[in-house]
Each structure stands twice: as C-alpha cells, then as structure tokens.
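Each chain, written out:
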Amino acid sequence: MTGVTKLRSSQSRTVADRLETWLTAAPVHFTVIALALLWTLPTAGLLISSLRQPEVLLETGWWTVLTPPLDLNQFHLGNYAAVLSGQGMAQAFLNSLIISIPATIMPIAIATFAAYALAWMQFPGRQILFIIIVGLLVVPLQMTLIPVLRAYNTLGLSGTFLGVWLAHTGYGMPLGIYLLRNYIGTLPRDLIEAAAVDGASHLKIFTRIVVPLSTPAIASFAVFQFLWVWNDLLVALVYLGGNQTVAPVTLVLRNLVGDRGQDWHLLTAGAFISMIVPLLVFFALQRYFVRGLLAGSVKG
Amino acid sequence: MAHIVFEQVTKQYDNGFVAVKDLNLDIGEDEFLVLVGPSGCGKTTSLRMLAGLEDSSSGHIYIDGQRVNEKSPRDRDIAMVFQSYALYPHMSVFENMAFSLQLQGTAKDEIHQRVQAAATQLGIEQLLDRKPKQLSGGQRQRVAVGRAIVRDPAAFLMDEPLSNLDAKLRVQARAELSKLHKKLGTTFIYVTHDQVEAMTMGSRIAVMNQGILQQVDTPQNLYDQPNNVFVAGFMGSPAMNFFDAVLKPDDNDLWIDAGALRLPVPETLRSRYQPHIGTPLILGIRPENIYNPKFAPPGVNPLAVEATVSVVEMMGHEEIVYLTLPDGSEFLARIDPRSRFTAGASIQVLFDMNRFHLFDKASEHVLA
C-alpha cells in the first residue's frame, strides 16, 4: 500500500516538476521562436515574391498569396529563367566567385601568419604593432577610397580583379589579425614549447601545430570575410567602375531594379540566387566551429 | 648521454624579480638529477633555461662542453616531458611520437620502427592510433615519455611529469621512470616539488629555495646531513622538529638546553660543538628518532623527556604522535604502533642523541 502511494506521489511530483521546468523555459522559447520568425519573414517574402508573376508582384503584397492558400498556379519560375539567361547574371555570378574566393584566402593567409608572429614571436614593438592594427578597425573604409583609387589609377589596377582582391585583403586584415591573434594566443604555451623542443622551427610550429589547431577561428573569419566580400557593393563599384565584364552579382542586382524600379520580379529572383552561395559557405564551414578540438592536449 | 654544467647562471625578469641566482651545478652523464623545492623556488626556470625555452640573464650553460646559451631549443638535442604532457591534440599517438623524427628528416621505415620500439617499451603499442583525448591520464603520461624517448636525445628534461596522476599511478610511474633511466643510461633532469619523488628516484638531489641552490647530494646524504634548516625541514615527511636551543657546559658534560628540553651532547661530538657554547642555535631532530622508552633500540640516550600527547595518528605500521612540552613547544614523533598512546596522556619519550642536528640560528647553517 505504502509503496503504491509513494510511487504515485513521486510520479505526480515529476509531472509537476516537468510542468514547472516547461513553464520556466517557456518565455525564453517563445522569445527565441518569435525572433527567429521575425528574422525569417523578409526572406520568406523575398522567396515568395521571386516566384510570382511580374504584373501581380507590382499590384499586391506577397502575403496576398496566402488568401487562396495552396493555389500553386500563382507561382512560376519564369523570373529565375529570365535572370539567369538574359541579364548577365551567370557572368556576374562567376565574377563574384572570382572576386570572393581569392579575397577570402589572401587575408586569411596573411592574417594567420601575422597573428602567429604577434602571439608567439618575441620582437621589439610587438605590442605597439598589435595596438595599431586594432586601431585600424575603427578607420572607416570610405576614408581610403579616394587615395587608393588614385594609386590604382596610376598603377593601372582599377577595373581589375587584382585591385579588388588587394582592397578587400586590406580592409579585412585588421579584423582578421585581431580575431586570429586572440585565438592563437590562447593555444597552450606548452604545445608551442613542446614543438620547439621537438625540433620544430617557427615555420614548422606554424604549419604543423598552430594552423591545424586554429581551424575554428580561421573558419569563422573565412565566413565573415566571404560574406562581406560577396555582399559588398561599394568597394566593387569604386574599384571596378562600370566595367560590366568584371562586375559581381551585387552590381548586376543593382542594375536589375531598372531605371524606375519597375523590374521587381528580376531583382527578387536575382537576390535569392545570390543568397545561395553564402548559405552554402556557412553550412560547409559550420562543422569547424564545433568546440573541443583542443580537448585532451593538456590537462583540463 | 650528456654532461651538463650550469655556471653562475642567473635569471632576472624584467620586473626585477630574481628567479634563479648564481646557480652552479654539474650534472654527470647517465645521472638522474632531481631538482626539488617549493613552488616558486626557481627549479622549473632552471630547467627551462637548460631547454632553451627561457633566456638566462647571466652565466653559462654547457651541454657536453658546448656553451648553449644562444642556441635555440631544437639545436640542443634534448627532450622534454611537460607537466601538462603537451600532446598535440590533432595528432594520433603515433604522429605525436613521430613528430620530432619527421622534423629531423628520418626515413619513414626507421620512424615506424623506432616509434614501435618505444611504444612496446612503454606498453602503449595498442594506443598508437588513438588521439590524446581518448587516453587516460596515465596513458597520456606514457605517450609524453614515449615522445621523448623515440628521439634518443642527449638528455631528458622532465617538469613534474607525475603531478597530474593519482596517488597509486604515481607510485607505479615512479618505479617505471627509474627503470627507464637504468635501461637508457641517459642523463635525466627531473623537476618536482615532491620530496618523496626526489628521494625515491634521484641519484642526486638538488634542493632549491627562493632561487638559490641549497644543497646537492645523494638522497641519503641529504637526509642524514642537511646543510641548513631549509633542507632539513624540506626533506622528510613528517618534517624534522626544530627547537630553539643553546649549548651549555656543566661539569664535564655539554648540554643542549632548549627550554623544557635538556639533552646531553654525546662525548664524541663534544669537541666539535665546544666553540658554539652560548650562541643561539636551532636543534633539529627527526620524528623517527624519538622513541617510546618501551620500544627504543639499544644505544639510545636513556634520559626521558616528559610530554603531553595532543593528537595520535595511527598509520598501522607506526603511530604519529603530536606532543607538547611543558613550555608549550610542540613536536612530532613516529612511534612504534604497539605504543597505543591516547590523546591527553602524559608520556615519556626518548631522543636519539646520535641523530640530531644543530644549526646556527642566525645563518641557519649546520654547525661545522
């Protein structure tokens, strides 16, 4: 008898407990879900708009598709076909990749070397150099546009991919060095010293120990830099000018709006295409963010 | 095998702190030298200067007659085992052990063979494919040692390699390291704060305190003839008892007067201590040299000392008794377990006057 009552009371307690836990967590869950929905809403609108007929798009808002729900006839892929075939979007897509990939790899390569030196090599003025680099984070890039462009014009770099790569490398470097130095500086000192005693030079320590252990930081900086370059309009516009053969997606998208903003259907479709690459990059590199890569090296 | 010499080595940091002062140390080939001392005594700094991980401010460090002060760690032909083990987390055990050989440009077959040999020697051959995080503490420690021995270096430096192991494993690892040293016959320099490790493993022990080398000797000599109060108190557990004392002549005898304690100096030592009559001294006597009269071995001074028991710790093979003298001074005795003393009891103990130490109170040095 007593056993049964005990069991029952303990059961009811767990139910009460669970309810309590759920109720305590509910506001957080609710807020998170609400925020997520709020953030996704414009993207959803963009997707729906890009699939609608051009005439309808100009007359009514995207949410009107919900009134005759599940009516698939109001959607079509014509906008995408139009964008991809006629508007130089394919070339622009290629240009964007040609710009973004080197403009991501170059600053990573340079910044990682610099970060290692700033974190683990002894040389006079190291701290001041680092402070100057951090200070560069607050310099608005607009300030550099005119002097750099003038330099590019004399060097014949304006309107070329190389010019954009170098510009993006320069603009990305302060953040990259700052992020990577902070990460590399937290690697256990013992590991670096063990490698030094094992006979590794600075270059070997860098390539064999520091870079493999810094992949999470390098990956997150890669995502930052890639997204920034991919979405950039200003730098491309200034240094590439109106040169359509080298124009990236962002420049073409801007032109897609049309002189009087009438070509909405093309803009939405084009914008959605341009979103695919950043998403792919993010998901591809996401696994490197997983923590705990250092577990097991030193005690802890 | 390497002959290592520290000559007048000093390490002063930029903020003025002197970590190591005028270190002179001559470490012979195939010696197992233990650097021991409390934390912050400069033992690890000395080791790191030898490894080349830290610069010395002045003085010379020689390995096999070659001055190495300006050489980088990789040019010194030494291997180091870190307290944290410092295994490369992204490499397997095999890669960890092969790393230094790869850097030397050793042929693949030979790397394979040498790693296998070292792994077999340490009993970790079944772990070669694992990553460090998949290993237990004891296994990681073996891998760290294995990483050092595959290189066949001139000297092994070890910085508290056993301090992260639990007590039982530590005892086992201690014996294994001693065996390894005998087998390899290479110079080992071992840093620890644990005097038990120092006593059990070292062929010689160097005791350091506050950056200054206190004494270098074999474990037995260090224990029996400590140079000063610090060494006497640091080596041995429970620690040596100290009393403020003064030598007093009386008739033909010489007495040590330490408040409530009054002990005769044996005849053989009288002439040695005669010059120190009247100077303030410190009397040191180890807890195991204090006996219950019932179980005292023959030859112990028959003069009994009255004391009150405050705490008894029964260890099974001995009793550690905390005693208080009438004047309030406290001391410890390791006594035969058959004594069965109880706290609060007033008892008599015998001091073995063949085994005591007298130090000058001002300099804390042992009396000549």
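Predicted model only: the values in this text are computed from it and were never measured.

Chemist: Whenever I open this one, the packing of helix α4 (residues 89-120) of chain A against helix α9 (residues 202-213) of chain A confuses me. Can you help?
Modeler: The relative placement of two packed helices comes down to the angle between their axes together with the axis-to-axis distance. All names here are of chain A. Interaxial distance between α4 and α9 falls to 11 Å at its minimum, and their mutual angle equals 105 degrees. With respect to their mutual orientation, α4 and α9 come out roughly perpendicular. Residues T112, F113, Y116 and W120 of α4 form the contact with α9, whose own contacting residues are H202, L203, I205, F206, V210 and V211. In terms of residue class, the contact of α4 with α9 is built from 8 nonpolar, 2 polar and no charged.

Chemist: Can you walk me through the sheet that holds strand β18 (residues 330-335) of chain B in this structure?
Modeler: Residue and element names in this part refer to chain B. Within the open sheet, the 5 strands sit side by side as β15-β19-β16-β17-β18. Their pairing is antiparallel. Two strands close off the open sheet at either side, each with one partner strand: β15 (290-291) and β18. Note: strand β17 (residues 319-324) against β18, 6 bridges, orientation antiparallel. Note on β18: the bridge partner recorded for I320 is R334.

Chemist: Just to check I follow, could you spell out the nonpolar core for this structure?
Modeler: Grouped together as the largest cluster of nonpolar side chains are 66 residues, with contacts concentrated most on I205 of chain A together with I4 and F6 of chain B. The greatest single-element share of this core, amounting to 7 residues, is contributed by α4 of chain A. Core analysis: the second largest hydrophobic core is formed by 44 residues, M97, A98, L127 and M158 of chain B among them.

Chemist: Before we go on, may I ask you to explain the interface of chain B and chain A in this structure?
Modeler: Interface size is often expressed as the accessible area that is lost when the parts come together. Across the boundary between the two partners, chain B contributes 25 residues, which contact 24 residues of chain A. For the pair chain B and chain A, the summed buried surface comes to about 2200 Å²; carbon and sulfur atoms form 61% of the total. Per-residue buried area on chain B facing chain A is highest for R74, P89 and L103 of chain B; these three make up 24% of the total on that side. Summed over the shared surface of chain B and chain A, the number is 8 residue pairs in polar contact (both at pLDDT 80 or more). Those elements that provide at least two residues to the side of chain B that touches chain A are β6 (78-81), α2 (93-104) and α4 (137-149) of chain B. Top element by residues in the side of chain B that touches chain A is α2 of chain B. It accounts for 4 residues. Considered class by class, the residues forming the side of chain B that touches chain A number 14 nonpolar, 5 polar and 6 charged.

Chemist: Explain a nonpolar patch on the surface here, please?
Modeler: All names here are of chain A. A contiguous nonpolar patch, built from I128, I132, L136, L137, V138, V139, M143, L175, Y178 and F224 and spanning about 940 Å² of accessible area, is present on the exposed surface. Mapped by element, the contributors of at least two residues to the nonpolar patch are α5 (126-136) and α7 (161-185). Its location among the elements puts M143 in helix α6 (residues 142-155). In this structure M143 comes out as exposed when scored by relative accessible area, which is 58%.

About the cut-offs
- Every chain is numbered independently, its residues counted from 1 as its sequence is written.
- Whichever chain is written first is A, and whichever ligand is written first is 1; the rest continue in order.
- The predicted nature of this model means local features are confined to residues of pLDDT at least 70 and side-chain atom pairs, given and counted, to a pLDDT of 80 or more, with totals for whole chains, interfaces and linings taken over all residues.
- Heavy atoms from the whole structure form the basis of all side-chain values; hydrogens and water molecules are not counted.
- Every axis in this analysis is a line fitted to C-alpha atoms, fitted for helices over the stretch in contact. Angles between the N-to-C directions lie between 0 and 180 degrees.
- Secondary structure elements follow DSSP: runs of H or I of four or more residues count as helices, runs of E of two or more count as strands, with numbering from the N terminus.
- Working rule for angles: under 35 degrees goes down as roughly parallel, over 145 as roughly antiparallel, 65 to 115 as roughly perpendicular, anything else as oblique.
- Contacts are assigned to residue pairs that have any heavy atoms within 4.5 Å of one another.
- Charged residues are taken to be Asp, Glu, Lys and Arg, nonpolar residues to be Ala, Val, Leu, Ile, Met, Phe, Trp, Tyr, Cys and Pro, and polar residues to be all remaining types, Gly included.
- Strands qualify as paired when DSSP identifies two bridges or more between them.
- Nonpolar cores were defined as sets of buried Ala, Val, Leu, Ile, Met, Phe, Trp, Tyr and Cys residues, with membership established by side-chain atoms within 4.5 Å.
- Relative accessibility decides the category of a residue: with a 1.4 Å probe and only protein chains considered, values under 20% of the type maximum give buried, values over 50% give exposed, and everything between is partly exposed.
- Each of two parts loses accessible area, computed with a 1.4 Å probe, when they are put together; buried area is these two losses added.
- Think of a polar contact as two N or O atoms within 3.5 Å of one another; within protein, one of them needs to be a possible hydrogen donor and the other a possible acceptor, and neighboring residues in sequence only count if both atoms come from side chains.
- In this analysis, a patch consists of residues with relative accessible area above 30% that form no salt bridge, clustered at 9 Å for like charges and at 5 Å for the nonpolar side chains Val, Leu, Ile, Met, Phe, Trp and Tyr.
- Residue exposure ignores everything except the shown protein chains as possible cover, and the areas themselves are Shrake-Rupley values with a 1.4 Å probe.
- A pair is scored as a salt bridge if a Lys or Arg side-chain nitrogen falls within 4 Å of a carboxyl oxygen belonging to Asp or Glu.

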